[in-house]
Amino acid sequence: MATTTKTSATASNRSNTAVAKTTGNKENSATERSDSTGPLKKFFIDGLKDLLWAEEKLVEALQKMEDSATTTELKDAFSDHQTQTQTHVKRLQRVFRMMGEEPSTKRCEAMAGLIKEAEHIIQSTPEGSMTRDAALIIAAQKVEHYEIASYGGLIQIALTLDEDKAAYVLNKTIEEEEQTDEDLTYIAESFINFSAGEEDEADSNEDEGAENEEA
Ligand SMILES: [Fe+2]
Ligand SMILES: [Fe+2]
């Protein structure tokens with residue numbers, strides 16, 4: 001977990017430096033835009049479509065994760081990030097318009113798989129257990145890392161295309177993804193993982209028994 005945080009922080013520093021350096025060098029960059037129509041611009045727009053699909057699905061998934069989490073701390077973390085994710089959707093829509101495109105989506109298979117994994121965790125861990133929270137945190141961090149990798153790559157491409165304003169907007173989102181990743185690490189390490197480790201087989205068996213009776 002600690003390694004995870006360190007990696008994200010490094011990525012953040014790299015992208016912040018790149019955006020700051022570029023925007024600092026070009027006073028008028030906010031109003032400048034390349035008229036590139038090459039394959040890299042097409043790839044950039046495709047990346048935006050992929051991320052918009054992912055962020056829209058995450059708004060729904062985070063609600064389910066909040067409802068399924070055991071502790072108030074994790075429920076609050078999911079709730080806060082759901083609100084941020086709604087802003088991420090709006091920012092992506094703005095970036096589309098900056099690029100002269102109408103916002104649209106393309107199914108992101110990677111995010112669909114990560115959301116499916118989170119749903120499987122909810123089904124396979126006992127309701128009300130700390131083990132569920134420990135597992136949900138890992139599922140959420142996999143999502144954050146996918147987003148960080150995607151936004152990080154698109155920011156660099158935006159800078160390459162001289163789309164500095166788009167890079168600036170995307171950078172605001174990556175900072176929130178990185179902070180969320182760090183917050184989740186903190187919650188896991190402060191008490192959830194330890195409490196999950198204290199849970200014994202009986203807790204799970206009781207829940208399984210209850211599930212079987214319901215079935
Ligand atoms: Fe996001
Ligand atoms: Fe996120």
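Conventions we followed
Residues numbered from 1 in each chain as written. Chains lettered and ligands numbered in written order. Predicted model: local features only at pLDDT ≥ 70, side-chain atom pairs only at ≥ 80, totals over all residues. Helix = DSSP H or I, 4+ residues; strand = E, 2+ residues; numbered from the N terminus. Buried ≥ 20, exposed ≤ 12 C-beta atoms within 10 Å, placed from the backbone. Contact = placed C-beta atoms within 7 Å. Axes fitted to C-alpha atoms, helices over the stretch in contact; angles between N-to-C directions. Parallel < 35°, antiparallel > 145°, perpendicular 65-115°, else oblique. Left-handed = near helix turned anticlockwise from the far one by under 90°. Nonpolar A, V, L, I, M, F, W, Y, C, P; charged D, E, K, R; others polar. Core = buried A, V, L, I, M, F, W, Y, C linked by C-beta atoms within 7 Å. Expected span 1.5 Å × (residues − 1). Arc of directions from axis to C-beta.

(A) View of the overall build of the protein chain. Secondary structure summary: the protein chain contains seven helices and zero strands in total. The N-to-C order of helical and strand elements in the protein chain reads α-α-α-α-α-α-α. Here the protein chain holds 215 residues, and 33% of them are scored as buried. A separation of at least 24 residues holds for 80% of the contacts in the protein chain among residues at least 6 apart in sequence.

(B) Local environment of the packing of helix α2 (residues 39–68) against helix α3 (residues 72–98). Running from N to C, α2 and α3 cross one another at 160°; their axes reach a closest spacing of 9 Å. On the basis of their axis angle, the class for α2 and α3 is roughly antiparallel. Of the two elements, α2 crosses α3, and the hand of that crossing is left-handed. The segment α2 lies against α3, with Leu48, Leu51, Leu52, Glu55, Glu56, Leu58, Val59, Leu62, Gln63, Met65 and Glu66 engaging Lys75, Phe78, Ser79, His81, Gln82, Thr85, Gln86, His88, Val89, Leu92, Val95 and Phe96. In terms of residue class, the contact of α2 with α3 is made up of twelve nonpolar, seven polar and four charged.

(C) How the structure looks around the environment of Ile137. Mapped onto the secondary structure, Ile137 falls in helix α5 (residues 130–160). The exposure class of Ile137 is buried, given the 26 C-beta atoms found within 10 Å. Along the sequence, Ile137 and Ala77 sit 60 residues apart, while their C-alpha atoms lie 9.9 Å from each other. The contact partners of Ile137, leaving out residues within four places of it in the chain, are Leu74, Leu184, Ile187, Ala188 and Ile192.

(D) Broad picture of the environment of Glu175. Note on placement: Glu175 falls in helix α6 (residues 164–198). We classify Glu175 as partly exposed; it has 15 C-beta atoms within 10 Å. Each C-alpha atom, one on Glu175 and one on Tyr151, is 9.8 Å from the other, the two residues being 24 residues apart in sequence.

(E) Region of the structure containing the nonpolar core. Within the largest apolar cluster, 43 residues are counted, with the highest numbers of intra-cluster contacts made by Met65, Leu136, Ile137, Ile155, Ala158 and Leu170. Those elements that place two or more of their residues in this core are α2, α3, α4 (109–124), α5 and α6. A total of 13 residues in this core trace back to one element, the largest contributor, which is α5. Each residue touching Ala158, except ones within four places of it in the same chain, is listed here: Phe44, Glu163, Ala166, Ala167 and Leu170.

(F) Inspection of α5 at higher detail. The first and last C-alpha atoms of α5 sit 45 Å apart over 31 residues, in line with the 45 Å expected at 1.5 Å per residue. Looking one or two residues past α5, Asp162 carries a phi angle of roughly 65°, positive in sign.

(G) Main features of the packing of α2 against α5. Contact pair α2 / α5: the axes reach a minimum separation of 10 Å and the direction vectors enclose 155°. The angle between α2 and α5 places the two elements in the roughly antiparallel class. Here α2 runs over α5; the crossing is left-handed. Facing Leu40, Phe44, Gly47, Leu51, Leu58 and Met65 of α2, the residues of α5 in contact are Leu136, Ala140, Val143, Ser150, Leu154, Ile157, Ala158 and Thr160. Grouping the amino acids of the contact of α2 with α5 by side-chain chemistry returns eleven nonpolar, three polar and no charged.

(H) Just α4, in detail. Between its first and last C-alpha atoms α4 spans 22 Å; for 16 residues at 1.5 Å apiece the expected length is 22 Å, and the two agree. All of the buried residues along α4 are Met111, Leu114, Ile115, Ala118 and Ile121. Here the buried residues of α4 occupy an arc of 110° about the axis, which is enough to place them on one side. Across α4 from its buried face, at more than 90 degrees, point the exposed residues Glu109, Gly113, Lys116, His120, Gln123 and Ser124. In this structure, the buried residues of α4 make contact with α2 and α5.

These results come straight from atomic positions and should not be treated as a statement about function.
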